[in-house]
Amino acid sequence: MITLTNIGKTFPGTRRRPAVTALDDVSLTVERGQVMGVVGPSGSGKSTLARIVNLLERPTRGTVTVDGVELTALSAGQLNSARRGIGMIFQQFNLLDSRTALANVELPLELAGVGRAERRARATELLQRVGLGDKLGSHPAQLSGGQRQRVAIARALAPRPRVLLCDEATSALDPVSTASVLTLLRDLTDELDLTTVLITHEMDVVKRACDHVTLLEAGRVVDAGALSDVVRRPLSPLATRLLPHPQAPVGEPVVEVTVGGAGHDAVLTELIRRYDVQVAVVAGSVETLGDQRFGRLQLRLDGAPEQVRPALEFLAAADPGGRDPGSEDTHDLDDRALRALEEAVA
Amino acid sequence: MIDWDRIGPALWQATVETGYMVSVSMVLAVGLGIPLGVLLLLTAPDGLKPQRVVNGVVGAFVNMGRSVPFIVLLVLVAPVTRLVTGTTIGSTATIVPLTIAAVPFLARLVEASLREVHPGKVEAARAMGASTRQIVRTVLLPEARPGLVAAATVTLIALISYSAMAGAIGGGGLGDFAIRYGYQRFDTAVTVATVVVLLVMVQLLQSAGDRLARRLAHR
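Everything quoted here is computed from the prediction, not taken from an experiment.

**Observations regarding the overall build of chain B**
Tallying secondary structure elements over chain B gives ten helices and zero strands in all. Ordered by position from the N terminus, the helices and strands of chain B form the series α-α-α-α-α-α-α-α-α-α. In terms of overall dimensions, chain B has a C-alpha envelope of 70 × 40 × 25 Å along the principal axes. When burial is assessed residue by residue, chain B has 42% of its 219 residues classed as buried. Long-range contacts, defined as pairs at least 24 residues apart, comprise 68% of the intrachain contacts of chain B with a sequence gap of at least 6.

**As for unusual backbone geometry**
Trans peptide bonds make up most of the peptide bonds, and negative phi angles are found at most residues other than glycine. All names here are of chain A. At Arg160, a residue that is not glycine, the phi angle is positive and equals roughly 50 degrees. Along the chain, Arg160 turns up in the loop between α5 (145-157) and β7 (163-167). Its identity as a non-glycine residue notwithstanding, Asp193 has a phi of 55 degrees, on the positive side. Within the secondary structure layout, Asp193 lies in the loop between α6 (175-191) and β8 (195-200).

**Considerations on helix α7 (residues 132-143) of chain B**
All names here are of chain B. Within α7, the full set of buried residues consists of Ile135, Val136, Val139, Leu140 and Glu143. Down the axis of α7, the buried side of the element spans an arc of 130 degrees, and every buried residue falls inside it. Those residues of α7 that are buried are in contact with α1 (4-43), α5 (91-115), α6 (119-127) and α8 (145-166).

**Observations regarding the domain arrangement of chain A**
All names here are of chain A. Split by domain assignment, chain A resolves into domain 1 (2-230) and domain 2 (243-345). Put simply, the middle of domain 1 and the middle of domain 2, counted by C-alpha atoms, are 40 Å apart. Taken together, the residues of the side of domain 1 that touches domain 2 break down into two nonpolar, one polar and two charged.

**Details of the UniProt feature "transmembrane region" (unreviewed entry) in chain B**
Residues and elements named next belong to chain B. Taking the UniProt record as the reference, the feature "transmembrane region" (unreviewed entry) is found at residues 20-42, 54-77, 83-107, 147-169 and 189-209. Segment residues 20-42 splits into 100% helix and 0% strand. End C-alpha atoms: 33 Å apart. Here residues 189-209 is 100% helix and 0% strand, with 30 Å between the C-alpha atoms at its ends.

**Focus on the sheet that holds strand β10 (residues 220-226) of chain A**
Residues and elements named next belong to chain A. Ordered by their spatial adjacency, six strands build an open sheet running β6-β7-β8-β3-β9-β10, and the pairing between neighbours is mixed. In this open sheet, the two strands that pair with only one neighbour each are β6 (86-90) and β10. Recorded for the sheet is a direction-independent mean angle of 15 degrees between the axes of neighbouring strands. Sitting on the sheet, α5 is in contact with β6 and β7, with an inclination near 165 degrees to β6.

**A word on the confidence of the model for chain B**
On average, residues of chain B score 90 in pLDDT, and 99% of them reach the 70 mark or higher. Interface scoring of the predicted complex returns ipTM 0.85; its pTM is 0.85.

**Some words on the UniProt feature "domain: ABC transmembrane type-1" (unreviewed entry) in chain B**
Per the UniProt record, "domain: ABC transmembrane type-1" (unreviewed entry) is found at residues 15-207 of chain B. For residues 15-207 of chain B, helix accounts for 82% and strand for 0%, while the C-alpha atoms at its two ends are 19 Å apart.

**So, the environment of Pro45(B)**
Residues and elements named next belong to chain B. Residue placement: Pro45 occurs in the loop between α1 and α2 (52-67). The exposed category is assigned to Pro45, around which 8 C-beta atoms lie within 10 Å. In this structure, the C-alpha to C-alpha distance between Pro45 and Asn55, residues ten residues apart in sequence, is 8.3 Å.

**Some details on the nonpolar core**
Ranked by internal contacts, the top residues of the largest apolar core, which has 135 residues, are Val197(A) and Leu198(A). If one sorts the elements of this core by residue count, α5(B) sits on top with 14 residues. Membership of the second largest hydrophobic core comes to 15 residues, among which are Val255(A), Tyr275(A), Leu301(A) and Leu315(A).

**What to know about the interface of chain A and chain B**
Across the contact, 19 residues belong to chain A and 18 residues belong to chain B. When residues of the side of chain A that touches chain B are traced back to their parent elements, those giving at least two are α2 (76-83), β6 and α3 (101-111) of chain A. The element that contributes the greatest number of residues to the side of chain A that touches chain B is α3(A), accounting for four residues. The residue inventory of the side of chain A that touches chain B, partitioned by class, reads eight nonpolar, seven polar and four charged.

**Comments concerning the sheet that holds strand β4 (residues 61-66) of chain A**
All names here are of chain A. A sheet is described by the order of its strands in space; here four strands give the open sequence β2-β1-β4-β5, paired in antiparallel fashion. Among the strands making up the open sheet, the edge pair consists of β2 (20-30) and β5 (69-70). Here seven bridges tie strand β1 (residues 2-11) to β2, and the two strands are oriented antiparallel to one another. Along β2, the bridge assignment pairs Leu4 with Leu28. Packing against the sheet, helix α1 (residues 46-53) makes contact with β1, β2 and β4, and its axis sits at approximately 120 degrees to β1.

Reading the values: rules and limits
- Residues numbered from 1 in each chain as written.
- Chains lettered and ligands numbered in written order.
- Predicted model: local features only at pLDDT ≥ 70, side-chain atom pairs only at ≥ 80, totals over all residues.
- Helix = DSSP H or I, 4+ residues; strand = E, 2+ residues; numbered from the N terminus.
- Buried ≥ 20, exposed ≤ 12 C-beta atoms within 10 Å, placed from the backbone.
- Contact = placed C-beta atoms within 7 Å.
- Arc of directions from axis to C-beta.
- Domains from an automatic or database assignment.
- Nonpolar A, V, L, I, M, F, W, Y, C, P; charged D, E, K, R; others polar.
- UniProt positions renumbered as here; feature names shortened; annotations may be inferred.
- Pairing = 2+ DSSP bridges.
- Axes fitted to C-alpha atoms, helices over the stretch in contact; angles between N-to-C directions.
- pLDDT = per-residue confidence, 0-100.
- Core = buried A, V, L, I, M, F, W, Y, C linked by C-beta atoms within 7 Å.

This is the structure we're talking about:
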């Protein structure tokens, strides 16, 4: 649905400050229906990336394709109509203070030339959907931050876009409003078959609302993938942030295993049923990512060597991420644990 | 003591003339000053349609209009005044220099008010696919309304003061009245009466402007 290809963006320098390269050869694909989180430290270029998707910012290099249309090839007029298919919400809401909530939601329809009655009906329906049916006549100044962002969401969705861009949409909100706005976004994404790009500096937002994630650092993509895949690559930079490695007591011979997610939620049960070993969870961390629960557990296996060894092999097979070809260290950890266990048993 | 029977009608007449000069030039100033202010904003280097040359020329014109003292401007534009109205004396003639002075004055104030509109709102409108014209009409002007009303009030009051100055060279209105009846006849009471009328006028307009600006500001 969204394809960014080899995007580069350099802001020209002035006499007082040098040129800044915000994005350097970034390629990114978001499939229809996905919720893609883009995370990174401030200054990593993530906001620039969001603004490039609807060409609020023109990339210096590369192409942007949304819903099959190459935006970078459009004229100004064509781009304006293409933008109606891409909703956007912002950290500071950017509602018009002079308009009521209802008139704010009507704005994009007004710009598109939709008739008054139809506009009003659509705006009313959307405000009701976001839980503000009783605030139609309120001005933004009379609403709380969370309510303002709901109005902004209704406004963004009014022209029935297929793509929604959220630029730090919850960063100005308190935790309770953040949670409810994220739940709303998640629900609307499914309900309206939206493809969403969610820019944030908070990993928590990704954990709660996204199914895919991209990590930007210094204008480059450092890590990317589906949450359930990324979390199983224990040494990828995102995996640690999504699901921290637990700290086992020093010197205990342990094996680390990532459990949870589709097809991986019964690993421990299987382990104990199949092998005659005692399993102790020495340390662990558990997180809900999207709608699935994942755990990273450090286990100590006790028992006869002929039982422990196949049990360890079973764990390794059940958690292929632990054997990621790119992550030699994990391999070592398992080997070390294996050796340590063998010694302990012997 | 003031001979009200004699002075009263003349004072009323002068007040009506001032009202006429000021209101006509105000309408013209709004009609020309707002578009000019919008143009200044849009063509600025950080504007929506950066145009260095246009911005430079319009900016220079506006600065020139604002740097010439009004009493000098009156004399300077006399040929234009004669061309437009056929005379340089009287309140209709005074409308020309008043308008020429008020347009750049208001244009700068309009530009400043529009600049106060948070850029995020413009960005949001761009993201919705708004054209520049739509952004001006649905975002910039409505959102800047309280500031625009304040700018218009300041301009209106400046116009009253300018119009009184025009009285010095036969421009009609309250200034003219104060000079002829008060100054030249050594009748200080008449001068004071004129000042009182001007004061009341300014006070009423300022508080009306403030009230309107407050009502438009939804903050």
